[in-house]
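Examining the three-dimensional arrangement
Next come the chains, spelled out residue by residue.
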Amino acid sequence: MNKPPAFRCTLVFGWLIGLSFVALALWLYRIQVVKHDHYRAIVNRMHDQRTVRAARRGDILDRRGVVLATSLPVRTICADPSLIFTQRVAVATTIAPLLGMEVADVLEKLKPVVRTNAVGDPFTNQFVVLKRRVPQEVWTQVRSAMANLDLGVKARKGSGLSYALTALRTRAIFAQEGHVRQYPEQRLGAHVIGYTLPTEINTEFGTVHAEHGVTGIEAVLEQALAGAIGWKGDGADLPARPGLNVVLTLDARVQRVVEERIAWGREHFDAASVFAVIVRPATGEILAMASAPSLDPANPGDPDAGQVNHVVGSLFEPGSTFKIVTIAAALEAGLLRLEERVNCHNGRWFYGGRYLHDYKGYGLLSFEEVLVKSSNIGTAQAALRLGPERLYHAITNFGFGSRTQIMLPSERAGVISHPRDWSGISITLIPIGHEVMTTPLQMAMAMAALGNGGVLMRPMLVDRLEDQNGQLVVRYSPVAVRRVLSESTAATMLRALRGVASQEGTARKAELELHSLAGKTGTSEKFFGALTSPASTTPRSTPSFPPKSRSFASWWAWTNPNGWPTRAGRPPA
Amino acid sequence: MGVDEPKRVAHQGGATAGVIFKDIAEEVLRILQIPPDLGPNLAPDKKRSSPPETAPLPASRSAYANLGDRREPAYASR
């Protein structure tokens with residue numbers, strides 16, 4: 001039976017309508033389900049690019065709360081050329097003066113760049129950076145100027161032109177959050193604090209500008225200082241988590257005194273470098289650590305800057321300051337008494353096929369005088385009583401040859417060879433600080449052990465981590481590495497070393513009027529013109545302030561000074 | 001002092017640098033408020049007012065002229 005033509009037409013038309021709906025449903029399924037993630041990412045990029053939230057980097061403070069490094073909020077000013085098009089001149093002339101830029105430069109950056117995407121469709125670039133590190137108040141001015149931008153165009157409300165003008169005024173120029181690192185005390189503690197360099201963190205929602213620690217505490221505690229970025233968009237608002245504040249053991253007042261004096265000393269003696277460290281013996285807390293030449297953390301690329309923290313990163317022959325290790329070890333082993341006399345052979349002693357000299361010719365000296373007058377020959381004979389194995393054990397026991405594990409990068413371990421590799425005269429040279437390489441920090445910690453009753457402490461540079469509200473997050477505790485001497489031996493050594501800073505000793509000009517001072521001087525020819533290690537003060541008559549908690553140990557050195565006086569007594573230049 | 005080290009510089013470091021050390025040590029002792037432990041009959045203030053036997057770093061004094069102003073932190077304690 002034949003259907004009427006009208007019915008057939010209706011049937012065909014119905015099929016076509018049905019097929020159209022099926023095709024539409026498949027297309028929607030492809031968009032909504034199959035390509036969901038792809039289009040979601042596009043939308044996110046379009047709408048969320050400007051909502052990444054930078055985390056404020058934590059501050060670095062001294063033990064009393066002086067801010068040594070901090071972060072100030074800044075903006076990176078960006079533009080979306082696809083929203084500007086023909087209004088480039090108006091926009092450029094409006095914002096260029098506010099940004100301190102040339103109009104021509106802004107015009108060039110706002111120039112739209114048309115490219116083709118993967119499927120061949122043309123698109124205009126939507127992101128260009130106009131200027132970085134712009135203060136917040138400048139961004140406020142730019143935003144206000146753009147909102148009031150007069151283009152001489154009247155648009156009907158709700159029209160497409162009205163929408164485009166609104167987009168131009170509110171979204172064409174936008175800002176990304178960021179921070180800039182600043183060092184309020186300039187160079188103070190620069191080698192400890194380190195410095196940062198700007199970096200970009202690319203996320204799914206855009207780019208955020210941050211600072212990344214390169215060296216010093218800035219690098220070692222990068223994770224704690226950096227915090228975590230946040231974002232806002234797609235109905236969610238996840239604020240950034242600011243970094244933690246780092247409270248150092250440094251005392252800015254002490255650090256300043258030390259830095260100013262060593263800078264003066266470097267200039268005065270025309271030395272290649274001068275460095276110093278001051279330690280609390282009882283805890284290992286570093287109160288000051290400085291190297292000259294120093295560096296400006298805000299301008300670390302300065303070619304004249306001293307990039308190396310010599311206190312932890314350089315090795316030197318410690319010279320006569322090393323004699324304390326041998327004498328203390330022999331004293332501890334009961335192989336000598338400080339009042340016992342030893343023949344120093346009038347300053348010239350033949351051993352192992354070579355002559356060993358003293359600065360002055362001495363005959364019989366007590367071992368206390370050996371320390372005070374810094375006799376090489378007397379010290380070498382103490383080492384011979386110990387023998388190579390026990391001497392080596394004493395040296396490594398004091399921490400030489402191992403990193404102290406201070407919280408700083410690039411620390412060096414030092415060099416002390418095993419006795420099997422020693423030459424015939426090593427037993428006489430190592431005790432006087434030759435054929436051994438140490439860091440200044442290792443020497444300071446060894447000296448501090450004498451001031452701490454014979455207990456070697458791990459150097460401590462960070463006291464605690466706090467959140468932005470000052471609430472304690474992590475507190476670091478002093479760590480005793482090991483006992484290297486008995487308390488009585490340490491006390492005996494300190495008593496003897498007081499003579500160094502007396503009229504009889506090698507550091508007589510360091511003698512203090514009101515405080516006792518135990519120390520040891522030294523000179524090493526190859527790497528130093530001289531080095532000095534005045535050591536620890538040990539208050540004796542203040543029972544309310546136990547010596548261990550109210551003293552300090554220090555160590556410093558000059559390298560290659562040209563201005564040392566001669567023996568004839570020429571005053572420092 | 002090393003085996004063959006020229007005597008010219010031997011321990012002159014200690015002798016000369018001792019002056020600088022003394023200068024630093026006295027400042028550090030003052031900052032850390034470590035009480036005197038020598039000469040119990042000495043009054044610290046009276047003693048400090050007298051000129052030291054060894055004038056420490058006279059050339060440095062001008063450089064340190066403003067030190068008193070800068071000893072306190074430039075930024076307020078937190």
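Here the structure is a predicted model, which means the values were calculated and not measured. Along each chain, the written sequence defines residue order, and numbers are assigned to residues from 1. Naming scheme: in the order in which they are written, chains are lettered from A and ligands are numbered from 1. Note on the predicted model: pLDDT of at least 70 is required for a residue's local features to be given, and 80 or more for side-chain atom pairs to be given and counted; whole-chain, interface and lining totals, by contrast, use all residues. Heavy atoms from the whole structure form the basis of all side-chain values; hydrogens and water molecules are not counted.

Quick look at the overall build of chain A
For the purposes of this entry, the term helix denotes a DSSP run of H or I that reaches at least four residues, the term strand denotes a run of E that reaches at least two, and both are numbered from the N terminus. Scanning chain A for helices and strands turns up 18 helices and 27 strands. Throughout, a residue-residue contact means that at least one pair of heavy atoms, one from each residue, lies within 4.5 Å. Excluding contacts between residues fewer than 6 apart, the proportion of contacts in chain A whose partners are at least 24 apart in sequence is 69%. For the accessible areas, the method is Shrake-Rupley and the probe is 1.4 Å, while residue cover comes only from the protein chains on display. For chain A, the exposed area adds up to about 25,500 Å²; of that, 54% sits on carbon and sulfur atoms.

Structural notes on the pattern of salt bridges
All names here are of chain A. Here, a salt bridge means any Lys or Arg side-chain nitrogen found within 4 Å of an Asp or Glu carboxyl oxygen. A full pass over the atoms with the stated rule returns 18 salt bridges over all chains. A salt bridge links Arg337 to Glu339, with the nearest nitrogen and oxygen atoms 3.3 Å apart. A salt bridge links Asp463 to Arg475, with the nearest nitrogen and oxygen atoms 3.3 Å apart. Linking Asp463 in strand β22 (residues 462–466) with Arg475 in strand β23 (residues 472–475), this pair joins segments that are twelve residues apart in sequence.

Side note on the environment of Pro409 of chain A
Residue and element names in this part refer to chain A. Tracing the backbone through its elements, the reader meets Pro409 in the loop between α15 (388–397) and β19 (415–416). It is 8.5 Å that separates the C-alpha atoms of Pro409 and Val312, two residues lying 97 residues apart in sequence. Apart from the residues lying within four places of it in its own chain, the contact partners of Pro409 are Thr215, Gly216, Val220 and Val312.

What to know about α15 of chain A
Along an α-helix, a turn takes 3.6 residues, which lines up residues three or four apart on a common side. Residue and element names in this part refer to chain A. The buried label applies to any residue whose accessible area, calculated with a 1.4 Å probe on protein chains only, is under 20% of its type's maximum; exposed applies above 50%, and partly exposed to all values in between. When we look at burial in α15, the residues that qualify are Leu391, Ala394, Ile395 and Asn397. Buried residues of α15, seen end-on, are gathered within an arc of 165 degrees and therefore sit on one face of the element. Set apart from the buried face of α15 by more than 90 degrees, the exposed residues are Glu389 and His393. Gly399 sits one or two positions beyond α15 and adopts a positive phi of about 100 degrees. Here the arc refers to the set of directions running from the helix axis out to each C-beta atom.

Here's the deal with the nonpolar core
A general feature of soluble globular proteins is that nonpolar side chains tend to end up buried together. All names here are of chain A. Within the largest apolar cluster, 119 residues are counted, with the highest numbers of intra-cluster contacts made by Ile217 and Met289. A per-element tally of this core places helix α17 (residues 440–451) first, with nine residues. Residues within four places of Met289 in sequence aside, it is in contact with Val192, Leu250, Gln255, Ala276, Val277, Asn309, Val311, Val312, Ile406, Leu408 and Leu441. Nonpolar cores were defined as sets of buried Ala, Val, Leu, Ile, Met, Phe, Trp, Tyr and Cys residues, with membership established by side-chain atoms within 4.5 Å.

Looking at the packing of aromatic side chains
All names here are of chain A. Two rings belonging to Phe, Tyr or Trp (six-membered ring only in the last case) form a pair when the distance between their centres is within 6.5 Å. Interplanar angles under 30 degrees mark stacking, angles over 60 mark edge-to-face geometry, and anything in between is tilted. In total, this model carries five aromatic pairs over all chains according to the counting rule given. For the ring pair Phe127 and Phe174, a centre distance of 6.2 Å and an interplane angle of 40 degrees mean the geometry is tilted. Of this pair, Phe127 sits in the loop between β5 (122–124) and β6 (128–135) while Phe174 sits in strand β7 (residues 173–182); the two residues are 47 residues apart in sequence, bridging distant segments of the chain. By relative accessible area, Phe174 is classed as buried at 5%. Over the aromatic face of Tyr355 sits the side chain of Arg348, whose NZ or CZ is 3.7 Å from the ring centroid. Working rule: Lys NZ or Arg CZ, within 6 Å of ring centre, within 35 degrees of ring normal, means a charge sits over the ring.

Details of the sheet that holds strand β11 (residues 236–238) of chain A
All names here are of chain A. We treat two strands as partners when DSSP finds at least two bridges between them. Overall, antiparallel pairing links the three strands, which are arranged β1-β10-β11 in an open sheet. Here the strands that pair on one side only, and so sit at the sheet edges, are β1 (52–53) and β11. Of the pairings in the sheet, the one linking strand β10 (residues 230–233) to β11 comprises three bridges and is antiparallel in character. What sits directly across from Trp231, in β11, is Leu238.

Examining helix α5 (residues 136–147) of chain A
Residue and element names in this part refer to chain A. Look at α5: 17 Å from first C-alpha to last across twelve residues, which is about the 16 Å you get at 1.5 Å a residue. Among the residues of α5, Val138, Trp139, Val142 and Met146 are the ones counted as buried. Angular distribution of buried residues about the axis of α5 spans 100 degrees; they occupy a single face of the element. Taken together, the buried residues of α5 touch β3 (67–79), α3 (88–99), β6, α6 (160–171) and β7. Here the expected length of a helix is defined as 1.5 Å per residue gap, with one fewer gap than residues.

Details of the confidence of the model for chain B
All names here are of chain B. When pLDDT is averaged across chain B, the result is 49; 24% of the residues are at 70 or more. When pLDDT is averaged over each helix and strand of chain B, the minimum, 32, is found for helix α4 (residues 67–70) and the maximum, 73, for helix α1 (residues 12–31). Along the chain, pLDDT gives the predictor's confidence residue by residue, from 0 to 100. Counted against residues more than four places away or in other chains, residues 1–10, with its pLDDT under 50, gives 36 contacts. The low-confidence segment residues 39–78, where pLDDT is below 50, has 52 contacts with residues more than four positions distant or belonging to other chains. Interface confidence for the predicted complex, expressed as ipTM, amounts to 0.72; the pTM equals 0.76.

Re the confidence of the model for chain A
Overall, the prediction assigns chain A a mean pLDDT of 85, with 88% of residues at 70 or greater. Note on residues 564–573 of chain A: pLDDT under 50 across the span, and 26 contacts to partners over four residues away in sequence or across chains.

A look at the pairing of strand β8 (residues 195–203) of chain A
Residues and elements named next belong to chain A. The pairing of β8 with strand β9 (residues 206–215) spans nine bridges and is classified as antiparallel. Across the sheet, Leu197 pairs through a bridge with His212, a residue of β9. In this structure, the hairpin formed by β8 and β9 is closed by a connection of two residues.

Describing the pairing of β23 of chain A
Judged from the three bridges that link them, β22 of chain A and β23 of chain A form a sheet pairing that is antiparallel. For Arg464 of chain A, the partnering residue across the bridge sits in β23 of chain A and is Arg475 of chain A.

Some thoughts on a nonpolar patch on the surface
For patch detection, residues must exceed 30% relative accessible area and be free of salt bridges, and they are connected within 9 Å for like charges or within 5 Å for nonpolar side chains (Val, Leu, Ile, Met, Phe, Trp, Tyr). Among the surface-exposed residues, Phe7, Leu11, Val12, Trp15, Leu16 and Leu19 of chain A lie close enough to one another that they form a single nonpolar patch of about 640 Å² accessible area. Relative to the elements of secondary structure, Phe7 of chain A occurs in helix α1 (residues 5–34).

Focus: the environment of Glu204 of chain A
Among the secondary structure elements, Glu204 of chain A is positioned in the loop between β8 and β9. With 233 residues separating them along the chain, Glu204 of chain A and Met437 of chain A place their C-alpha atoms 50 Å apart.

Looking at the environment of Ala510 of chain A
Locating Ala510 of chain A in the fold gives a position in the loop between α18 (487–497) and β25 (517–522). Overall, the relative accessible area of 0% leaves Ala510 of chain A in the buried class. In this structure, the C-alpha to C-alpha distance between Ala510 of chain A and Val500 of chain A, residues ten residues apart in sequence, is 8.9 Å. The residues touching Ala510 of chain A, leaving out its near neighbours within four places in the chain, are Ala501 and Leu517 of chain A together with Gly18, Phe21 and Lys22 of chain B.

So, the packing of helix α12 (residues 323–332) of chain A against helix α14 (residues 376–386) of chain A
Residues and elements named next belong to chain A. Interaxial distance between α12 and α14 falls to 9 Å at its minimum, and their mutual angle equals 45 degrees. For the element pair α12 / α14, the angle class is oblique. For the crossing formed where α12 meets α14, the hand is left-handed. The segment α12 lies against α14, with Lys323, Thr326, Ile327, Ala329 and Ala330 engaging Asn376, Thr379, Ala382, Ala383 and Leu386. Under this scheme, a helix contributes an axis fitted over its contacting stretch, all axes are lines through C-alpha atoms, and angles between N-to-C directions fall in the 0 to 180 degree range. To sort the angles, those under 35 degrees are grouped as roughly parallel, those over 145 as roughly antiparallel, those from 65 to 115 as roughly perpendicular, and the leftovers as oblique. Should the near helix be turned anticlockwise from the far one by less than a right angle, the crossing is left-handed, and should it be turned clockwise, the crossing is right-handed.

Thoughts on the side chain of Gln442 of chain A
Residue and element names in this part refer to chain A. Considering the arrangement of structural elements, one finds Gln442 in helix α17. Within polar-contact distance, the side chain of Gln442 engages the backbone oxygen of Ser402 at 2.8 Å. With near-sequence residues (within four places) excluded, Gln442 lies in contact with Gly399, Phe400, Gly401, Ser402, Thr404, Arg412, Ala413, Gly414 and Met437. In protein, a polar contact means a hydrogen-donor-capable atom and an acceptor-capable atom, both N or O and within 3.5 Å, with residues adjacent in sequence counting only if both atoms are side-chain atoms; elsewhere, any N or O pair within 3.5 Å suffices.

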